[in-house]
Amino acid sequence: MDIFSIISAAIVTICSGYSIFLVYCKKTKLAGTQGVMISMVIGIITGLLSGSIIGILSGETFLVMGVSMIIGFVIGFLAGHPIGLLAILMGSIAGLMGGINGAILGVFLQFLNPAILLGILVGFYILIIGFVIVYIFVATNSKYSINTEELSPFAIIGAGIVLVSLFLFMYSSDMVKIPGQTETAQAQTTQEIANTEVDVTKEHTPKVKMLVTEKGYSPNVIRVKKGVPVELDIQNPLENSCLSTFMIPDFNINNVNLKTGTTNLTFTPDKSGEYTFSCGMQMFKGTIIVE
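Computed from a predicted model, the values in this text were never measured in an experiment. (Residues numbered from 1 in each chain as written. Predicted model: local features only at pLDDT ≥ 70, side-chain atom pairs only at ≥ 80, totals over all residues. Heavy atoms only, no water.)

Enquirer: With reference to specific residues and values, describe the confidence of the model for the chain.
Expert: Of all residues in the chain, 73% have pLDDT values of 70 or greater, and the mean over the chain is 76. When pLDDT is averaged over each helix and strand of the chain, the minimum, 44, is found for helix 7 (residues 181–190) and the maximum, 92, for strand 4 (residues 221–224). Taken as a whole, residues 177–193 scores under 50 in pLDDT and shows 21 contacts with residues more than four places along the chain or in a different chain. (pLDDT = per-residue confidence, 0-100. Helix = DSSP H or I, 4+ residues; strand = E, 2+ residues; numbered from the N terminus. Contact = heavy atoms within 4.5 Å.)

Enquirer: Lay out the sheet that holds strand 3 (residues 216–218) in plain terms, naming residues and giving numbers.
Expert: Taken in spatial order, the four strands of this open sheet run 3-2-5-8, and their pairing is mixed. Sheet topology places strand 3 and strand 8 (261–267) at the edges, where each strand pairs with a single neighbour. Averaged over neighbouring strand pairs, the angle between their axes works out to 25 degrees when direction is ignored. When strand 2 (residues 207–213) meets strand 5 (residues 230–236), the two strands line up parallel, connected through five bridges. The residue of strand 5 that forms the bridge with M210 is I234. (Pairing = 2+ DSSP bridges. Axes fitted to C-alpha atoms, helices over the stretch in contact; angles between N-to-C directions.)

Enquirer: Go over the pairing of strand 9 (residues 273–279) with me, naming the residues and quoting the values.
Expert: If a strand is regular, its side chains alternate between the two faces of the sheet. With two bridges connecting them, strand 6 (residues 245–248) and strand 9 associate as antiparallel partners. If you follow F246 over to strand 9, its bridge partner there is C279. Where strand 9 and strand 10 (residues 285–290) come together, six bridges link them in antiparallel fashion. Looking across to strand 10, one finds that F277 is bridged to G286. The antiparallel hairpin formed by strand 9 and strand 10 contains five residues in its connecting segment, where Q282 sits at a positive phi of about 60 degrees.

Enquirer: Tell me what's going on with the sheet that holds strand 6, and back it up with residues and numbers.
Expert: If you trace the six strands from one edge of the open sheet to the other, you get 1-4-10-9-6-7, paired in mixed fashion. On the outer flanks of this sheet lie strand 1 (197–199) and strand 7 (253–257), each paired with one strand and no other. Shown here is a sheet whose adjacent strand axes are inclined to one another by a mean of 15 degrees, direction ignored. Pairing analysis gives three bridges linking strand 1 to strand 4, with the strands arranged parallel. Paired with D199 across the bridge in strand 4 is R223.

Enquirer: Talk me through the pattern of salt bridges; I want residue IDs and the actual numbers.
Expert: Under the definition given, this model contains three salt bridges. Between K207 and D233 there is a salt bridge whose closest N-O contact spans 3.1 Å. Taken together, the residues span a long stretch of sequence, with K207 in strand 2 and D233 in strand 5 at a distance of 26 residues. Of the residues examined, K207 reaches a relative accessible area of 41% and is grouped as partly exposed. E291 is paired through a salt bridge with R223; the nearest N and O atoms lie 2.7 Å apart. Within this pair, whereas E291 is found in the segment after strand 10, its partner R223 is found in strand 4, the two being separated by 68 residues in sequence. A residue is classified by how much of its surface remains accessible, and R223, at 23% relative accessible area, is partly exposed. Ionic contacts of the salt-bridge type, sharing partners, join the residues E197, R223 and E291 into one network. (Salt bridge = Lys/Arg side-chain N within 4 Å of Asp/Glu carboxyl O. Buried < 20%, exposed > 50% of the residue type's maximum accessible area, 1.4 Å probe, protein only.)

Enquirer: Tell me about the environment of V122, residues and numbers included.
Expert: With respect to the element layout, V122 can be found in helix 5 (residues 115–139). Looking at V122, the relative accessible area reads 31%, which means it is partly exposed. Along the primary structure V122 and I45 are separated by 77 residues, whereas in three dimensions their C-alpha atoms are 9.8 Å apart.

Enquirer: Any details on the side chain of T263? Residues and values, ideally.
Expert: Summarising the element assignment, T263 is placed in strand 8. Excluding residues within four positions of it along the chain, T263 makes contact with L232, D233, I234, V256, N257 and L258.

Enquirer: Mind laying out a nonpolar patch on the surface, listing which residues take part and the relevant values?
Expert: A cluster of nonpolar side chains, I70, F73, V74, F77 and L78, forms an exposed patch at the surface whose accessible area comes to about 410 Å². We classify F77 as partly exposed; its relative accessible area is 33%. (Patch = residues over 30% accessible without salt bridge, like charges linked within 9 Å, V, L, I, M, F, W, Y side chains within 5 Å. Areas by Shrake-Rupley, 256 points an atom, 1.4 Å probe, with all protein chains shown as cover.)

Enquirer: Describe in detail the side chain of T201, supporting the description with residues and values.
Expert: Looking at the secondary structure, you find T201 in the loop between strand 1 and strand 2. Not counting the four nearest positions on each side in its chain, T201 is found in contact with R223, V224, K225 and E291.

In structure tokens:
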């Protein structure tokens, strides 16, 4: 796993540390339902953000999921520890689920430009952790109180409209690269590209050299013989691209991470017919014809 992924996850964990520290310091006054809810909030939002960051920076799906689940579980456990067993249980489960969802989101976003959505997620994280700190401070200090009824719902709705309008303005302008647009354009381009075919049905030890390009895989049509193992040498010069994930589901090759350089894969076509290989998002595809 990329060292920067681990460092980023550690930073997220430290950011949540102050909230957890406050819970520990005030544990004699803060308990029951309040503590359970706080542990759940800390666990799920930290797991979600840390999982997203690790997923974006690392291409290893299995490790991303595992590390994110562990971070979310541990944070939820620590947040609930000073409160009681129920808080530990709920905080750990919330952190676990947050880590899983964050990892899925991060792995998806690593193929796109994550700047906008990750920025929104970080903003919500800071806002929610800020609410947690304020709540703990008010709930454990009788000298202070906050009357939420004084906050006008119209002001909140107005702020929401302003934020949505800002996001839509950024989406429609050329200020940023919007996730998905580039990949969609590439997918549309691939439909206009002629098939490049290779036939290895007459070879005793068939070996296919495949190149990953911005327009898809070349060759994108491969003829093979039933029952004869086929070796794929896939050369990938691209970095952090949807095409960097490769799969042939019908032959048990699923979500293989094509790191920059050459990746060697072997499969045995044990059934006749036409089968599809594709990238992780199934936007770039090719065909294996088994004779």
